[in-house]
Amino acid sequence: MRLMPTKKGSGDPDSDMAQVADPTHGARHIAIIMDGNGRWAKKKHLPRALGHKKGVEAVRDIVRVAGEMGIEAMTLYAFSSENWNRPADEITDLMGLLRQYIQSDIDEFDENGIRLKVIGNYKALDSDIVQLIEGALERTAKNDRMTLAIALNYGAQNEMLRAVQSIAAAVKKGDFEPDEIDVSHVSDALDTAGLPPLDLLIRTSGELRLSNFLLWQAAYSELYFTDTLWPDFDKRELQRALKSFGDRDRRFGGR
Ligand code: IPE
Ligand code: IPE
Ligand code: MG
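A quick note: this is a predicted structure, and the numbers were derived from the prediction, not measured.

**Q** How would you explain the site of ligand 1 if you had to name every residue and give the values?
**A** In the neighbourhood of ligand 1, 13 residues make up the surrounding shell, with D35, G38, R39, R48 and R86 lying closest. Within the backbone of R39, an N or O atom sits 2.7 Å from an oxygen atom of ligand 1. In the environment of ligand 1, an oxygen atom lies 2.9 Å from a nitrogen or oxygen atom belonging to the side chain of R48. About the coverage of ligand 1: the protein hides 86% of its 380 Å² of free accessible area.

Here is the structure:
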């Protein structure tokens, strides 16, 4: 999809140059820690639930924009394995929004060639949500324009633990010896198996941490932190992040 080589330092992301050049700036897979819904609501003296609702609207817009830009895969952190530490009513609100989102947006995913993927231990969610997820996974399985991976009940340490367990089981079965385990065995045993390497990891709301997200996959990702709160993150913000990505020199340990 690259139409012209990306010109470094061309300034405004909305400039003609940026419009003509590849809007992805070469990023195939981006991931976002969508943080700041609560602070967005607090700033506006609104209930937290409304912050989450606005957050879902931002998801809808960004998924659309990323698909149009030609991003191959986008992984969104929606609910962490540590988010169970929140008050029960907030968890209920979040699960309600998840139900609504899958039901309301599945047609649009399908029409736009979006393949849904879920990472994390989603089978521990309420059984009706598991059913909705599995229906959506099945329905969109053959779509190939963009993969939207949603992280639900996700924690990178748990993901790696499950990968280690499955590799240990394969060794026990006699599939291979312990000293034959290599990087691709691990990558293939993670929930993100099959996705392109993670190019860019974005976190909104000014927090400078990974909060147990994609710890293996982020080994050589570019990191982008913005103070913008997730409900305010829009196309322009995504363009800015991709522009920053395009201007970086990725060396992968070389020179
Ligand atoms: C992100 O917003 C949404 C989830 C973690 C589900 P927060 O709810 O964490 O918002 P802040 O960090 O309290 O502002
Ligand atoms: C990370 O945000 C999880 C999601 C965005 C789903 P949190 O708000 O849960 O992270 P911490 O607790 O500030 O690290
Ligand atoms: Mg937060």
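**Q** Give me the pairing of strand 1 (residues 29-33): which residues, what numbers.
**A** Burial analysis of strand 1 places 5 of its 5 residues in the buried class, which makes it a mostly covered element. In the sheet, strand 1 pairs with strand 2 (residues 73-80) via 5 bridges, with the strands oriented parallel. Of the residues in strand 2, the one forming a bridge with I30 is M74. As defined by bridge partners, strand 1 adjoins strand 5 (residues 200-203) across 4 bridges and the pair is classed as parallel. Counted as the bridge partner of I33 is R203 from strand 5.

**Q** Now, about the layout of surface pockets: what can you tell me, with residues and values included?
**A** Computed from the structure, the largest pocket encloses a volume of approximately 710 Å³. As for the largest pocket, its lining consists of 30 residues, and the residues nearest its centre are M34, N37, Y77, A78 and F79. Only helix 2 (37-43), helix 3 (48-69), strand 2, helix 4 (88-111) and strand 4 (146-154) provide two or more residues apiece to the lining of the largest pocket. Considered class by class, the residues forming the lining of the largest pocket number 16 nonpolar, 8 polar and 6 charged. The calculated volume of the second largest pocket comes to roughly 330 Å³. Per element, the largest residue contribution to the lining of the second largest pocket is 3 residues, and it comes from helix 7 (residues 183-189). Looking at the lining of the second largest pocket residue by residue, the classes come out as 11 nonpolar, 6 polar and 2 charged.

**Q** An account of a nonpolar patch on the surface is needed here, citing residue identities and associated values.
**A** A surface patch of nonpolar side chains, about 290 Å² in accessible area, is lined by L208, L223 and F225. Within the secondary structure, F225 sits in strand 6 (residues 222-225).

**Q** Please give an account of the site of ligand 2 that cites residues and values.
**A** The immediate surroundings of ligand 2 are formed by I33, M34, D35, Y77, A78, F79, N83, R86, R203, R209 and S211. A distance of 3.2 Å separates an oxygen atom of ligand 2 from a polar side-chain atom of R86. Protein burial of ligand 2: of its 390 Å² of free accessible surface, 77% is covered by the chains. One can see that ligand 2 is located within the largest pocket. When the residues that make up the shell around ligand 2 are grouped by side-chain class, the tally is 5 nonpolar, 2 polar and 4 charged.

**Q** Which residues make up the pattern of salt bridges, and what values go with them?
**A** One pass over the full model with this rule turns up 24 salt bridges. R139 serves as the salt-bridge partner of D110, at 3.1 Å between the closest nitrogen and oxygen. Of this pair, D110 sits in helix 4 while R139 sits in helix 5 (residues 127-140), placing them 29 residues apart in sequence. Given a relative accessible area of 39%, R139 falls into the partly exposed group. Residues E207 and R209 are paired through a salt bridge, measuring 3.5 Å at the closest nitrogen-oxygen approach. Judged by its relative accessible area of 45%, R209 is partly exposed. Members of the salt-bridge network, linked through shared partners, are D35, R39, R203, E207 and R209.

Calculation criteria
Residues numbered from 1 in each chain as written. Chains lettered and ligands numbered in written order. Predicted model: local features only at pLDDT ≥ 70, side-chain atom pairs only at ≥ 80, totals over all residues. Heavy atoms only, no water. Near = heavy atom within 4 Å. Polar contact = N/O pair within 3.5 Å; in protein donor to acceptor, adjacent residues only side chain to side chain. Areas by Shrake-Rupley, 256 points an atom, 1.4 Å probe, with all protein chains shown as cover. Buried < 20%, exposed > 50% of the residue type's maximum accessible area, 1.4 Å probe, protein only. Helix = DSSP H or I, 4+ residues; strand = E, 2+ residues; numbered from the N terminus. Pairing = 2+ DSSP bridges. 1 Å grid on protein atoms, 1.4 Å probe; cavity = no way out; pocket = protein on both sides within 12 Å on 5 of 7 lines; lining within 4 Å. Points joined across faces, edges and corners; volume = space filled by probe spheres on them. Nonpolar A, V, L, I, M, F, W, Y, C, P; charged D, E, K, R; others polar. Patch = residues over 30% accessible without salt bridge, like charges linked within 9 Å, V, L, I, M, F, W, Y side chains within 5 Å. Salt bridge = Lys/Arg side-chain N within 4 Å of Asp/Glu carboxyl O. Sits in = over half its atoms within 2 Å of the grid points.

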